[in-house]
Amino acid sequence: MSVVIVGGNECMVRQYKELCAEYRMKAKIYPKMNGGLRGAGTPELLVLFTNTMSHKMVNYALAEICGKGTRIARCHTSSLSALKKILAEHTEMEFSGN
C-alpha cells in the first residue's frame, strides 16, 4: 500500500517514513508544495495535515488526486500519534476488504 502525506512538520519527515514502514506502506511526504505533487503517482491513501497547510495547498492536493480512487484522510494535527491512528484505521480497512 502506498501513502502520500501532504503538510506536517519538516523536521518529522524521517519519523513519518519510519512509521509508515512499520505499517508496510511506501510513503511519499510533501511538507511543502514547492514543486506540487511531482512523483506522487496514484496512492491508495492521501493524508492531509490541515493545520500546517493553506487552503490553496489543500485544494491543489485534492485536485491532483481527484478521480484516482484514492482514500483521503484529513487531520488537523500533524503529530506522530495522529498519523499512527490514521494508518491503523486504513490498514484495518485494507485487511477487512473495505
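Our structure is the block above this text.
Rules of the game
- Residues numbered from 1 in each chain as written.
- Predicted model: local features only at pLDDT ≥ 70, side-chain atom pairs only at ≥ 80, totals over all residues.
- Heavy atoms only, no water.
- Helix = DSSP H or I, 4+ residues; strand = E, 2+ residues; numbered from the N terminus.
- Buried < 20%, exposed > 50% of the residue type's maximum accessible area, 1.4 Å probe, protein only.
- Contact = heavy atoms within 4.5 Å.
- Pairing = 2+ DSSP bridges.
- Axes fitted to C-alpha atoms, helices over the stretch in contact; angles between N-to-C directions.

Draft legend 1. Layout of the side chain of Ser-78. Topologically, Ser-78 is positioned in the loop between strand E4 (71-75) and helix H3 (80-96). Accessibility expressed as a relative area gives 11% for Ser-78, which makes it buried. Those residues in contact with Ser-78, other than ones at most four positions away along the chain, are Gly-8, Asn-9, Met-12, Tyr-16, Phe-49 and Thr-52.

Draft legend 2. Up close: the sheet that holds strand E1 (residues 2-7). Taken in spatial order, the four strands make up an open sheet running E2-E1-E3-E4, and their pairing is parallel. Unpaired on one side and paired on the other, strand E2 (26-30) and E4 mark the two borders of the sheet. Between one strand and the next, the sheet's axes are offset by a mean angle of 15°, whatever the strand orientation. Pairing geometry for E1 and E2, over five bridges, is parallel. By the bridge assignment for E2, Ser-2 is matched with Lys-26. Strands E1, E2 and strand E3 (45-49) of the sheet are contacted by helix H1 (residues 13-22), whose axis makes an angle of about 160° with E2. Lying over the sheet, helix H2 (residues 55-65) contacts E1, E2, E3 and E4, oriented at roughly 175° with respect to E3.

Draft legend 3. Structural detail: unusual backbone geometry. The phi torsion at Arg-24 lies on the positive side, around 55°, for a residue other than glycine. Tracing the chain through its elements places Arg-24 in the loop between H1 and E2.

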